[in-house]
Amino acid sequence: MTQITPQPGIMDIALYQAGKSHVAGQARVLKLSANENPFGPSPKAIAAAQAAAPDLHRYPSTDHASLRAAIAEVHGLDPDRLICGVGSDEVLQFLTQSYTGPGDEVIYTEHGFSMYPILARQAGATPVCVPETERQVDVDQILNGVTDRTRLVFLTNPGNPTSTLLPESEVARLAESLPKHILLVIDGAYAEFVRPEVSFDGGVALVNKHPNVVMTRTFSKAYGLGGLRVGWGYAARDIIDVLNRVRQPFNLSNLSLATAEAAMRDREYLTFCVAENAKWRDWLVTELAAVGVPCDQSQTNFILARFADQDEAEACDALLQSRGIIVRKVAGYGIPEALRITVGDEEGSRAVAAGIKDFKEGARA
Ligand SMILES: *Cc1c(COP(=O)(O)O)cnc(C)c1O
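Here the structure is a predicted model, which is why all the values come from computation and not from measurement.

**What to know about the packing of aromatic side chains**
Centre-to-centre distance and the angle between the planes together describe a pair of aromatic rings.
Here is step 1 of the chain: For the structure shown, the criterion picks out 10 aromatic pairs.
Here is step 2 of the chain: Ring geometry for tyrosine 16 and phenylalanine 113: centres 6.3 Å apart, planes at 75°, overall edge-to-face. One end of the pair, tyrosine 16, is in the segment before strand 1 (30-31); the other, phenylalanine 113, is in the loop between strand 3 (105-109) and helix 4 (115-122), and 97 residues separate them in sequence.
Here is step 3 of the chain: Relative to phenylalanine 359, the ring of phenylalanine 307 lies with its centre 6.4 Å away and its plane at 80°, an arrangement referred to as edge-to-face. Of this pair, phenylalanine 307 sits in the loop between strand 9 (302-306) and helix 11 (310-322) while phenylalanine 359 sits in helix 12 (residues 346-364); the two residues are 52 residues apart in sequence, bridging distant segments of the chain. An identical accessibility class is assigned to phenylalanine 307 and phenylalanine 359; each is buried.
Here is step 4 of the chain: Every member of this aromatic cluster is reached through a ring pair, and the members are Tyr16, Phe113, Tyr116 and Phe154.
Here is step 5 of the chain: Directly above the aromatic system of phenylalanine 302 lies the positively charged group of arginine 340, at a separation of 5.5 Å from the ring centroid.

**Describing the site of the ligand**
Here is step 1 of the chain: Ser88, Asp187, Thr218, Ser220 and Lys221 are the nearest of the 13 residues found near the ligand.
Here is step 2 of the chain: Between the ligand and the protein, one listed contact pairs an oxygen atom with a side-chain N or O atom of asparagine 160 at 2.7 Å.
Here is step 3 of the chain: The separation between an oxygen atom of the ligand and a polar side-chain atom of arginine 229 is 2.7 Å.
Here is step 4 of the chain: The protein chains hide 94% of the 380 Å² of surface that the ligand would expose on its own.
Here is step 5 of the chain: Per-element accounting of the shell around the ligand gives the leading share, three residues, to helix 3 (residues 87-99).
Here is step 6 of the chain: For the shell around the ligand, a count of residues per class yields three nonpolar, six polar and four charged.

**Digging into the sheet that holds strand 5 (residues 150-156)**
Here is step 1 of the chain: With mixed pairing, seven strands are arranged side by side in an open sheet as 2-8-7-6-5-3-4. In this open sheet, the two edge strands, each paired with only one partner strand, are strand 2 (82-85) and strand 4 (126-130). If you compare each strand with its neighbour and ignore which way they point, the axes differ by 25° on average.
Here is step 2 of the chain: One ladder, built from three bridges, connects strand 3 with strand 5; its direction is parallel. Its bridge partner lying in strand 5, glutamate 105 is registered against threonine 150.
Here is step 3 of the chain: Contacting strand 2, strand 7 (213-218) and strand 8 (231-234), helix 2 (residues 65-75) runs over the sheet at an angle of about 125° to strand 2.
Here is step 4 of the chain: Helix 6 (residues 168-177) rests against strand 5, strand 6 (183-187) and strand 7 of the sheet, and its axis sits at about 160° to strand 6.

**Points about the pairing of strand 9**
Here is step 1 of the chain: Burial analysis of strand 9 places five of its five residues in the buried class, the great majority of the element.
Here is step 2 of the chain: Here strand 9 shows two buried faces, one formed by Phe302, Leu304 and Arg306 and the other by Ile303 and Ala305.

**As for the nonpolar core**
Here is step 1 of the chain: Ranked by internal contacts, the top residues of the largest apolar core, which has 47 residues, are Leu67, Leu184, Phe219 and Trp232.
Here is step 2 of the chain: Setting aside anything within four residues of it in sequence, one finds leucine 67 in contact with Cys84, Phe219, Val230, Leu252, Leu257, Ala260 and Glu261.
Here is step 3 of the chain: Counting residues in hydrophobic clusters, the runner-up holds 29 residues, among them Phe113, Ala120, Leu304 and Tyr333.

**Points about the domain arrangement of the protein**
Here is step 1 of the chain: Partitioning the protein into structural domains gives domain 1 (10-40 + 268-364) and domain 2 (43-266).
Here is step 2 of the chain: A C-alpha centroid distance of 25 Å is found between domain 1 and domain 2.
Here is step 3 of the chain: Counting from both sides, the interface comprises 31 residues of domain 1 and, opposite them, 30 residues of domain 2.
Here is step 4 of the chain: Taken over both partners, the interface formed by domain 1 and domain 2 buries close to 2,800 Å², and the fraction arising from carbon and sulfur atoms is 57%.
Here is step 5 of the chain: For the domain 1 face of the interface with domain 2, the top three residues by lost area are Leu270, Gln299 and Tyr333, together amounting to 25%.
Here is step 6 of the chain: Applying the counting rule to domain 1 against domain 2 returns two salt bridges.
Here is step 7 of the chain: At the junction of domain 1 and domain 2, the tally comes to 14 residue pairs in polar contact (both at pLDDT 80 or more).
Here is step 8 of the chain: Every element with two or more residues in the side of domain 1 that touches domain 2 is listed here: helix 10 (267-290) and strand 9.

Rules used throughout
Residues numbered from 1 in each chain as written. Predicted model: local features only at pLDDT ≥ 70, side-chain atom pairs only at ≥ 80, totals over all residues. Heavy atoms only, no water. Phe/Tyr/Trp six-rings, centres within 6.5 Å; stacked < 30°, edge-to-face > 60°. Helix = DSSP H or I, 4+ residues; strand = E, 2+ residues; numbered from the N terminus. Buried < 20%, exposed > 50% of the residue type's maximum accessible area, 1.4 Å probe, protein only. Lys NZ or Arg CZ within 6 Å of the ring centre and 35° of its normal. Near = heavy atom within 4 Å. Polar contact = N/O pair within 3.5 Å; in protein donor to acceptor, adjacent residues only side chain to side chain. Areas by Shrake-Rupley, 256 points an atom, 1.4 Å probe, with all protein chains shown as cover. Nonpolar A, V, L, I, M, F, W, Y, C, P; charged D, E, K, R; others polar. Pairing = 2+ DSSP bridges. Axes fitted to C-alpha atoms, helices over the stretch in contact; angles between N-to-C directions. Contact = heavy atoms within 4.5 Å. Core = buried A, V, L, I, M, F, W, Y, C linked by side-chain atoms within 4.5 Å. Domains from an automatic or database assignment. Buried area = accessible area lost by both parts, 1.4 Å probe. Salt bridge = Lys/Arg side-chain N within 4 Å of Asp/Glu carboxyl O.

In structure tokens, the structure reads:
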């Protein structure tokens, strides 16, 4: 027997299950399981990646000044209050690592992102899951879950895999009600997709008002750069100063920095992707409703299609897979009767809608 043992809690970590990307026997697949941008990265981002390649022998910037300046300009933020990480996952990791440890509790919600309990356990802390109400975050349930040991609360807004949005007034109530020594982390991985008629700033005003509120964003979803691994956070300066101490000096490559900066500056491409998503998202929801598959109103780049029960959801998933269409089962997120479907381009949306329609009509026949 080996005498080498890991730190307490590490063997309790369940390995993250990524969205599937292959189906046995299918050479070409339509992958709608990981909320990727069907149009890929901005052509300007691709050009920036190519232009950065000859300098790969050079170490990158340690302070990410140029990327932070671009993010700050676009979002109207103070660049000194920004931090960039290897995906927003890394920024979330800096937060749990810096502010939680053994004996501390980290709250996340029933259908919250599966990385939250993983990150809490990595830090030696205890993840505490609180209920949602009808696939919607419930602020009172979060507040009920707070104990003397709570140090951090994770809120995904809009939610994954629920696609629902907690209204700004409720997020504000949460920020105001939480004790000031507890960090509130607002994960805005899907913030770009929130409907323009909804009042929503991703949490900027709350970060500006409350020194214990942090927001994170990513290049992985709307910007089509999931493979690049870049995300960022916005917080009070003293929090950013803490996070920079646990951040590795060269966490982002010069290729990552240049590509993400070009993507951030290409507002026209982002606007195009968000508009296409909105169009096919609404089309898809209408098509599914017509065959008896309801979805909550989505504020993201995916929909959560609800079936009668887990068996029906799995049978529909099997039919889609037989056509090479991969969607995400979400039993692991506590919604076994649903399938999470990324909104594709027109062709992808038509293919998945036709599959579900055929499944429902076949089931009825
Ligand atoms: C995709 C996603 C992220 C982003 O992860 P990256 O590390 O930035 O790729 C964060 N939170 C949620 C809820 C997500 O769905």
